[in-house]
Amino acid sequence: MRRLRSWLALGAALLLGSPASTALSAQPAPRPAEGAVRVGALTVPAGTTTGGVVVLQGDVDVQGTVEGDVVALRGDVTVRSGARVTGNAVSVLGDVRVIPGGTVAGDAESFSQEPAWSRVGEGGAAATASPWRGLTLTLGWLAILLLIGIGVLVSGSTYLDGVADTLQRSVGRAIAAGLVGQLLVLPALVTMVLLLVVTVVGILAVPLAVVALILAVAGLLTLGFLAVSFVTGRAIAGAPGDWKATAARGEALRALTVGLLVYLALWIAAAALQGLPMVAFVVRVAALGLTWVAATAGFGAALLSRAGTHTGGTPAGGAGRRAVGTVPAERDGVPVWQTPTPIGGIVAARRPTAVPPPRD
């Protein structure tokens, strides 16, 4: 109960700490009443008794008796030898000192760690704000996405092409599909869990099913965001719209890197502007909005293309059926007699010849 009274007194101090209350309480009071609030230093003389007090922007020197709590905001509380406080002694942004011989019947607590927001106006920027931490975090995400992008280009560029084609075909449709997909993720998870719980065997598979769904959603989001970055970088590079990642993977990696830098540029700027809190906040909101739109569009394109396996009803990368004894000229824009490499593009090889039909 005493601790509750201390926090209620502190709340009263914060509420009454406005300019109007300051003007009303500026006049000194030799014996404040119970729960009184005043601004400036206060001394309780020896041999006197007063009620509990709350002091703003000042120290409290207790030499007599305080029947109640003593709360100081941005000030110290000192209980002298022979003095007595029947309640709690609390100091916010200050210290509580009890001289040997002094008595505090309740708790003596001090909260001297000044929050970061209270130092922004004084020092220009909070001491805890470090631009290097934000820059390191953003550059780390860039490196992770680049590593994943290289892996996709090496082992699954066809799927990246499928998502990119769907995205280019209709950006608005991709965003709409991404919004619907985000709204249906949680209901799908709940429905899947309920269906598994119905059967005794299915209960054991619930954790695996949940993890599988989360990984599937994360994979679609990552593939979609990489596709959006690839299309953006390709547009900045001025490449033709039908240019494929499988045609020249060195150029595809360059386009992917440029696109990722475009979407992470605002995050890098927000981290570099930590010294200007308001500007950094505005830039961070803009970065969050841009990233969400890109991730939503990519997620929708990945859903519409079935993770890049279908584009317009045709499986991505599928060349269809061909006649026996013939050699297709191209597959995905690359002559089949040439060998694409992950980074360097095309390495020449001997052109194969068609196998002649068997003689009768």
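Use the structure listed above.
Numbering of residues begins from 1 in every chain and follows the order in which that chain's sequence is written. Residue-level local features of this predicted model are given only where pLDDT is at least 70; pairs of side-chain atoms are given and counted only at 80 or more, and the full residue set underlies all totals for whole chains, interfaces and linings. The side-chain quantities take in all heavy atoms of the structure and omit both hydrogens and water.

Engineer: Before we move on, can you summarise the overall build of the protein with the specific residues and values?
Structural biologist: Summing up its helical and strand segments, the protein has nine helices and 17 strands in all. Per-residue burial over the protein gives 34% buried out of 360 residues. By the convention used here, residues are in contact when the closest approach between their heavy atoms is within 4.5 Å. The contacts of the protein with a sequence gap of at least 6 include a subset with a gap of at least 24, amounting to 42%. Using a 1.4 Å probe, accessible areas were evaluated by the Shrake-Rupley method; residue-level cover was limited to the displayed protein chains. A total accessible area of about 20,200 Å² is found for the protein, and carbon and sulfur atoms account for 67% of it. Strands are runs of DSSP state E lasting at least two residues, helices are runs of H or I lasting at least four, and both sets are numbered from the N terminus onward. With a 1.4 Å probe rolled over the protein chains alone, any residue whose accessible area is under 20% of its type maximum counts as buried; one over 50% counts as exposed, and the rest are partly exposed.

Engineer: How would you summarise the packing of helix α7 (residues 206-236) against helix α8 (residues 249-272) if you had to cite specific residues and measurements?
Structural biologist: The interhelical angle for the contact between α7 and α8, taken along N-to-C directions, is 105°, at an axis separation of 7 Å. In terms of their interaxial angle, α7 and α8 are classed as roughly perpendicular. Of the residues in α8, those in contact with Phe225, Leu226, Val228, Ser229, Phe230, Thr232, Gly233, Arg234 and Ile236 of α7 are Ala252, Ala255, Leu256, Val258, Gly259, Leu260, Val262 and Tyr263. For the contact of α7 with α8, the residue count by class is twelve nonpolar, four polar and one charged. In this description, a line fitted to the C-alpha atoms serves as the axis of each element, helices being fitted only across the stretch in contact, and the angle between N-to-C directions of two axes falls anywhere from 0 to 180 degrees. Roughly parallel means an angle under 35 degrees; roughly antiparallel means over 145; roughly perpendicular covers 65 to 115; every other angle is labelled oblique. In the scheme used here, Gly and all other residues not listed as nonpolar or charged are polar, with Ala, Val, Leu, Ile, Met, Phe, Trp, Tyr, Cys and Pro taken as nonpolar and Asp, Glu, Lys and Arg as charged.

Engineer: Give a description of the nonpolar core that names residues and reports values.
Structural biologist: Nonpolar cores were defined as sets of buried Ala, Val, Leu, Ile, Met, Phe, Trp, Tyr and Cys residues, with membership established by side-chain atoms within 4.5 Å. Ranked by size, the top nonpolar core spans 31 residues in total, and within it Leu153, Leu160, Leu167, Phe230 and Leu260 carry the most contacts. For this core, the secondary structure elements donating two or more residues are α4 (131-169), α7, α8 and α9 (277-304). Broken down by element, the residue count for this core peaks at nine residues, all from α7. If sequence neighbours within four positions are ignored, Leu153 has contacts with Leu160, Ala245, Arg249, Ala252, Leu253 and Leu256. Core analysis: the second largest hydrophobic core is formed by 16 residues, Leu42, Val79, Val96 and Val104 among them.

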